[in-house]
Structure formats: C-alpha cells, structure tokens
Amino acid sequence: MGRSYLVDDLVEKYLINLQTVDLPFVTGLLIGQIAVQKDYVVLAAQTPQREKDSQGAVSNGSAAASSLDGIDIQWVSEHAKQVSQMLPGGLLVLGVFLIHPPELSKEAQNMLRRLLFAVEKHVSKGRLWKVTEEDVSERVMLQICSKTRKAICRTFDVLDPKSSAKPADWKYQSGVSGSWQALQCCVELDLEFPVSDTSSANMDRCTKEGLQKWAKQIETSLCLINGKRLADNFDVTAGLKKNAKANQPTLQAQILIPAAGLGAEQRSTASVQACSGVLALKGVVHCRAYVHTSKPRAWQAVEAIKRDVMNTVSCRTEMLFEDLRMNEGAVGSRQPLPLRVFAPVPSTVICVCDYMFPDESTADVSERFKEMLDCDIPEDSIDTSQEAAIEKQPNINSEECMDSVTPEVPVESTKRQKPLRPYIGAAVAAGVALLAAALSLLYLGD
C-alpha cells in the first residue's frame, strides 16, 4: 500500500483556480509535513513566471501547449530552495504538481519525475542535518488534467535514482491547516572558525566545515520541552485542549549545547592550526517548528526544532558568502544584519518566515511572500519583534583588529537586489541573515 496524503481543502480550491489560468501548463510545489504513515499537505505554490526576454519569449508555462519543453527545471528547483528557506521546522517541500492539457499526459509523467528529483537534490544541497532511518525518502508528484480535472498521485524514492513510481492516496480534508502544535526556542551562538586566508571561497569552505561540527552537537544535544525531558514516544499535546480551530499554546523548547562549544573538541585533540584570521559567529537566533496534532511524538517535535536551528544558520551563512563572492574585497567593512521575521499564512495557524534587511520594509517582505508562496499576507501581520536588530558599530579596519576586536560587530554586505520576479534564477546577493547574531572577520596577522 502506498502513502496517504491528507490535503487541506484550501489547497484543493487553490489548484482548481490554477486550472482556469490562461497558460498551457502550470508547475508548482506541494508543502507540508511527513509523518509515519500519512503526510499532511497545507500549502501549494505555483512556480513564478519569468519575465519576457529581449526576444519576447517567456519560459516555464508560456511555451506551446504541444510540448512541456518550456518548463525550466533549474528555475523550478531554485524556487523550491527559496521556498524551503521560508518554512519553519517540521514543514518542507513534499513534492511537485503539474497541471496540463490531456494531450500531454504521458509527457507530464516523465517531466514530473525529472522535476521531483531535481527539486530534492537542489533543496538538500548544503543541508547540515543528517538523514536518519526514521526519515521518509518518498516524495510526491501530482498530475492534474486541466480539462477533465482528473488527478493522479504517485511517489518516488528520491534517494534511489532507479526507483519506480508508487501509487498514493490523495484525499482532501477540511481543517488540516488548523491542526498544528507550535514550538519555539532561542539558541545562542558563540562559534569561531579559523581561516587560512580571507578569500570568500576559503572562508565559505572553512565555515561549512565548522558548521558541520556544530550541527553534530545540535543533533546530539539534549532538548527540553516546557522545561522537561520527554520520552521519545510521549505525546507532546497531552494535557492541552484539543481544538483544531483554536491556537494551541506554543511549547517552549530549550536546546542544551555544551558550554565549551567547538573549542572543547579542538582542545581535546590538542591540534594546532595555522590561520590568518578567525570568523566569529555570535548572538542569538529565534527558531520555530510545527508538528501536526495527530499524536505528535516528542522525538518528532525535538527533531523539527533542531532542524530549524540548523536550517536557519546554514541559510544565512550561505547568503553571506554568495554576497562575498559577488563583492570580493568588502570583507573588512560592516553593517547591521537582517532580521528573521514571521507571518501567519491566512486561514491557517502556521507561520512562514523571511529575512528583512536594514534597508527593507514589511512591504518588501509581503511582496516576497506573494512571489514565492503565491499568498497574500498583509504587512501588519508580519512579526518583526522576534529577533532584535543589532546596533551599527563604528568601522574597524584590519590593523585595529590586532589590538581592538569587537566579536559582535557584523560584516558589512551590499544591499540585496530587488526582485527578479522574484529572487530566483540568479544567486541571491545578500548579507548573512543572522538576526540578533553577529558575524565578524577577526584578522590575527602573520
């Protein structure tokens, strides 16, 4: 028997509306949570359309209806990666959908398979956490005929390139988007990564190696929920009011990381490493996760919040080094780092997140939510209070760093480029988004 997907009826209405758009075909993402036997789908988001090029051609949906060759797999994959960065712990891109005319049914099956594997590969690239035996590697593809509205749901094992399609049960249900338990926590960062030279490529490599060691500590650390260590199979909603239409009290998580941090491991090996500088990551990040209220186990909640910690740090450092690669030589300057902000998805109890830079407003964030998730989120519903902005410090040059180093001074980055309909198809040029955290390059000299 294949997997079962419980899909919110809001998703059904959204997909029906897409079948009436004036395009020969539409691609998009399915977003939700993987459970033991059944998965929950709470959002669907169509792939943003690319603007016309100089010849007036448009890809991804505006090619002739006689072929699906107009689908840009790289564009869809980049959209999936950026959407995944907007999702809190516990939620992920479950798969892809394709709405097409009946004459393209056979071609659509092959295209969906290619999209599914490409999306998973791109989304998982650079991920800090390790896949465990409990992780389900099946991802879903939904094929919808725009004329008959017939939907075919299949899954593939994305860890097996030779896997064949398996039938899956796709069932719409009311209230799926309202049955979620939220967890939140704040995690303090105090990490230092030695670098042999200050080129962006080398700093990127050294930081990734350091973060991988830190991620192992996060994965094996003790996590308390409401101040208690719960047994793995304990129902985290036990004792709470069960009402799918009402917000459940947010559970407070606490991740206990060894106080010595990475330094303990380095000292235990008694190693000496020659370096020309140290990349310091200090501050506090706000993290959030969701688990479905159908008997959520403690291990699922703990895993979800830990992975949100690792995902947000990985995402922000990746953004930093992409900026440094595009602006080599700007390493020594600084500016305040962007905030992680949250916003509720309309008609659900789930929040999504984004990163707001100092020169941006909530209007910019709202626009990105619309572009990425095809979702109208009012500006006044965007919560910017969870991570406090860092006060801008006076500049410190490399000579001053020898005697006067302030670890909590952030590296300056150039402004993020304005929408490329939206920020996909090209690398995002943005500073590291460690809100309430600071990143600084400390030159140690020869």
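Calculation rules
- Residues numbered from 1 in each chain as written.
- Predicted model: local features only at pLDDT ≥ 70, side-chain atom pairs only at ≥ 80, totals over all residues.
- Heavy atoms only, no water.
- UniProt positions renumbered as here; feature names shortened; annotations may be inferred.
- Helix = DSSP H or I, 4+ residues; strand = E, 2+ residues; numbered from the N terminus.
- Buried < 20%, exposed > 50% of the residue type's maximum accessible area, 1.4 Å probe, protein only.
- Contact = heavy atoms within 4.5 Å.
- Areas by Shrake-Rupley, 256 points an atom, 1.4 Å probe, with all protein chains shown as cover.
- Core = buried A, V, L, I, M, F, W, Y, C linked by side-chain atoms within 4.5 Å.
- Pairing = 2+ DSSP bridges.
- Axes fitted to C-alpha atoms, helices over the stretch in contact; angles between N-to-C directions.
- Phe/Tyr/Trp six-rings, centres within 6.5 Å; stacked < 30°, edge-to-face > 60°.
- Salt bridge = Lys/Arg side-chain N within 4 Å of Asp/Glu carboxyl O.
- Polar contact = N/O pair within 3.5 Å; in protein donor to acceptor, adjacent residues only side chain to side chain.

As annotated in an unreviewed UniProt entry, the protein carries the name Protein odr-4 homolog and comes from Anguilla anguilla. Quoted verbatim from the Function (unreviewed entry) field of UniProt, the annotation for the protein is "May play a role in the trafficking of a subset of G-protein coupled receptors." We quote the UniProt Subcellular location (unreviewed entry) comment for the protein here in full: "Membrane".

Caption draft 1: Layout of the overall build of the protein. Helix and strand content of the protein: 7 helices and 15 strands. Expressed as a percentage of the 446 residues in the protein, the buried residues total 51%. For the protein, the share of sequence-separated contacts (at least 6 apart) that also reach a separation of at least 24 residues comes to 78%. Approximately 20400 Å² of the protein is accessible, and the part contributed by carbon and sulfur atoms is 49%.

Caption draft 2: Seen up close, the nonpolar core. Within the largest apolar cluster, 52 residues are counted, with the highest numbers of intra-cluster contacts made by Leu 68, Ile 71, Val 83, Val 96, Leu 98, Phe 369 and Leu 373. The biggest single contributor to this core is helix H3 (residues 105-124), with 7 residues. Residues Leu 183, Met 203, Val 302 and Ala 304 belong to the second largest nonpolar core, which totals 37 residues.

Caption draft 3: Up close: the environment of Val 345. Mapped onto the secondary structure, Val 345 falls in the loop between strand S13 (339-344) and strand S14 (351-356). Taking relative accessible area as the criterion, Val 345 reaches 3% and is therefore assigned buried. As a C-alpha pair, Val 345 and Cys 375 span 30 residues in sequence and 7.6 Å in three-dimensional space. Setting aside anything within four residues of it in sequence, one finds Val 345 in contact with Leu 43, Ile 350, Val 352 and Cys 375.

Caption draft 4: Broad picture of the sheet that holds strand S4 (residues 92-100). The mixed open sheet is built from 8 strands, whose spatial order is S7-S6-S5-S4-S2-S3-S1-S8. The outermost strands of the open sheet, each flanked by one partner alone, are strand S7 (166-167) and strand S8 (169-173). Where strand S5 (residues 138-145) and strand S6 (residues 151-157) come together, 7 bridges link them in antiparallel fashion. Residue pairing in the sheet places Val 140 in a bridge with Thr 155 of S6. Packed on one face of the sheet, helix H1 (residues 9-18) meets strand S1 (4-8), strand S2 (26-34), strand S3 (38-46), S4, S5 and S8 and runs near 35 degrees to S3.

Caption draft 5: Quick look at unusual backbone geometry. Phi at Asn 226 is positive, roughly 55 degrees, even though this residue is not glycine. For Asn 226, the position within the fold is in the loop between strand S10 (222-225) and strand S11 (251-256).

Caption draft 6: How the structure looks around the packing of aromatic side chains. Applying the stated criterion across every chain yields a total of 4 aromatic pairs. Arranged with centres 6.1 Å apart and planes meeting at 80 degrees, the rings of Tyr 40 and Trp 180 form a pair that is edge-to-face. Taken together, the positions of Tyr 40 in strand S3 and Trp 180 in strand S9 (residues 180-195) put the pair 140 residues apart, joining distant regions of the chain. Ring geometry for Phe 117 against Phe 156: centres 6.1 Å apart, planes inclined by 65 degrees, an arrangement best described as edge-to-face.

Caption draft 7: Molecular detail of the pattern of salt bridges. Under the definition given, this model contains 16 salt bridges. Asp 135 is the partner of Arg 307 in a salt bridge, and the nearest nitrogen-oxygen pair spans 2.8 Å. One end of the pair, Arg 307, is in helix H6 (residues 298-326); the other, Asp 135, is in the loop between H3 and S5, and 172 residues separate them in sequence. Overall, the relative accessible area of 22% leaves Asp 135 in the partly exposed class. Residue Asp 204 is joined to Lys 208 by a salt bridge in which the shortest nitrogen-to-oxygen separation is 3.7 Å. Of this pair, Asp 204 and Lys 208 both sit in helix H4 (residues 200-220), separated by 4 residues, roughly a single helical turn. You can call Asp 204 buried: its relative accessible area is 8%.

Caption draft 8: Main features of the side chain of Ser 163. Summarising the element assignment, Ser 163 is placed in the loop between S6 and S7. The exposure class assigned to Ser 163 is buried, which follows from its relative accessible area of 10%. Within the local environment of Ser 163, its side chain forms a polar contact with the backbone oxygen of Asp 157, the two atoms lying 3.1 Å apart. At 3.0 Å, the side chain of Ser 163 and the backbone oxygen of Asp 160 are in polar contact. Beyond its immediate chain neighbours, meaning those up to four positions away, Ser 163 contacts Arg 113, Phe 117, Phe 156 and Asp 157.

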